[in-house]
Amino acid sequence: MTNCIATTYELQVEQWQYKANVSCRILYKEGLGSCIGIAVGYGNKLFLCHFPNASYGGAIDDFFAELESNIPDTNRLFIRPVVTGGQLGRETTDMGQDRDYVLDKLISLGFGKPHLCWCGPKDFCQDLSLDTTVAEIKVTTYPKAGSTLTENAFSF
């Protein structure tokens, strides 16, 4: 998925996928349940992944390699990746390991402190979107009951 250049208005990232170094207006992922999503905006380029079982490596490591090759180390400290994750369920131990793995990897690559947007115990899932027209990363959290909450997690 190296240097995927999109000319569309929006791009969707499905489970087990990532998009890296993408030029488009909006890049989004709907319905992050127990998976982890990572969003990075750098200039007019967007990077987004959606993975379960992140601590097992594999394709998520390809996403990290894309970040490393496309964003100079001197700029990474000023970028706060937005990291989201759905509700902790029966697989709490594995999901905790996944969260730790992702955070450790981002820090080892030299990025600034990640902005964490984990689902709470009364939340169901999240959406994650990056928009180059307003240079923002937004997280929308859907509770099991009640109103949704949209947070402007990071500006780039």
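A quick note: this is a predicted structure, and the numbers were derived from the prediction, not measured.

Okay, the nonpolar core next. Ranked by size, the top nonpolar core spans 21 residues in total, and within it Ile38, Ile60, Phe63, Phe64, Leu67, Val102 and Leu106 carry the most contacts. Listing elements by their share of this core, those giving two or more residues are strand E2 (17–22), strand E4 (36–42), strand E5 (45–51), helix H1 (59–70) and helix H3 (92–108). Considering each element in turn, this core owes the most residues, four residues, to H1. If near-sequence neighbours (up to four positions away) are discounted, Leu106 is found in contact with Ile38, Phe64, Leu67, Pro81, Val83, Phe111 and Pro114.

Turning next to the pattern of salt bridges. Going through the model one piece at a time under the given rule, you end up with three salt bridges. As a salt-bridge pair, Asp131 and Arg25 come within 3.8 Å of each other at their nearest N and O atoms. Of this pair, Asp131 sits in strand E8 (residues 123–131) while Arg25 is found in the loop between E2 and strand E3 (26–32), placing the two residues 106 residues apart along the sequence. The buried category is assigned to Asp131, whose relative accessible area is 14%.

What follows concerns the sheet that holds E3. Spatially, five strands are ordered E1-E3-E8-E9-E10 in an open sheet, and the strand pairing comes out mixed. Sheet topology places strand E1 (10–12) and strand E10 (149–155) at the edges, where each strand pairs with a single neighbour. Neighbour to neighbour, the strand axes of the sheet diverge by 20° on average, direction disregarded. Inspection of the sheet shows E1 paired to E3 by three bridges, in the parallel sense. Across the sheet, Gln12 pairs through a bridge with Tyr28, a residue of E3.

Now for the packing of aromatic side chains. For the structure shown, the criterion picks out three aromatic pairs. Taking the centre distance of 6.5 Å and the plane angle of 80° together, the rings of Trp16 and Phe51 count as edge-to-face. Of the two residues, Trp16 is situated in the loop between E1 and E2 and Phe51 in strand E5; the sequence distance between them amounts to 35 residues. Three or more aromatic residues joined by ring pairs make a cluster, and in this case those are Tyr18, Phe63 and Phe64. Over the ring of Trp118 we find Arg99; its NZ or CZ atom is 4.1 Å from the centre of that ring.

We now examine the side chain of Asp123. Considering the arrangement of structural elements, one finds Asp123 in strand E8. In this structure Asp123 is buried but unpaired, with Lys144 as the nearest side chain of opposite charge at 8.5 Å.

Next up on the list: the side chain of Lys29. The residue Lys29 is located in strand E3 in this model. Of the buried charged residues, Lys29 lacks a salt bridge, with Glu14 as the closest side chain of opposite charge at 4.4 Å.

This next bit is on the pairing of strand E6 (residues 82–85). Along E6, one buried face is formed by Val82 and Thr84 and the opposite face, lined by Val83 and Gly85, is buried too. Bridge count between E4 and E6: four bridges; the pairing is antiparallel. In the sheet register, Ile36 faces E6, and the bridge partner there is Gly85. As defined by bridge partners, E6 adjoins strand E7 (residues 115–118) across four bridges and the pair is classed as parallel. When the bridges of E7 are listed, Gly85 appears paired with Trp118.

So, on to the environment of Ile71. With respect to the secondary-structure elements, Ile71 resides in the loop between H1 and helix H2 (73–76). In this structure, Ile71 is in contact with Val40, Tyr42, Phe47, Arg76, Ile79 and Phe111, ignoring residues within four places of it in sequence.

This part covers the sheet that holds E5. With mixed pairing, the five strands of this open sheet are ordered in space as E2-E5-E4-E6-E7. Each end of this open sheet is capped by a strand with a single partner; those strands are E2 and E7. Between one strand and the next, the sheet's axes are offset by a mean angle of 10°, whatever the strand orientation. Running over the sheet, H1 touches E2, E4 and E5 and is turned about 165° from E5.

Cut-offs used in this document
Residues numbered from 1 in each chain as written. Predicted model: local features only at pLDDT ≥ 70, side-chain atom pairs only at ≥ 80, totals over all residues. Heavy atoms only, no water. Core = buried A, V, L, I, M, F, W, Y, C linked by side-chain atoms within 4.5 Å. Buried < 20%, exposed > 50% of the residue type's maximum accessible area, 1.4 Å probe, protein only. Helix = DSSP H or I, 4+ residues; strand = E, 2+ residues; numbered from the N terminus. Contact = heavy atoms within 4.5 Å. Salt bridge = Lys/Arg side-chain N within 4 Å of Asp/Glu carboxyl O. Pairing = 2+ DSSP bridges. Axes fitted to C-alpha atoms, helices over the stretch in contact; angles between N-to-C directions. Phe/Tyr/Trp six-rings, centres within 6.5 Å; stacked < 30°, edge-to-face > 60°. Lys NZ or Arg CZ within 6 Å of the ring centre and 35° of its normal. Lys, Arg positive; Asp, Glu negative; His and termini not counted.

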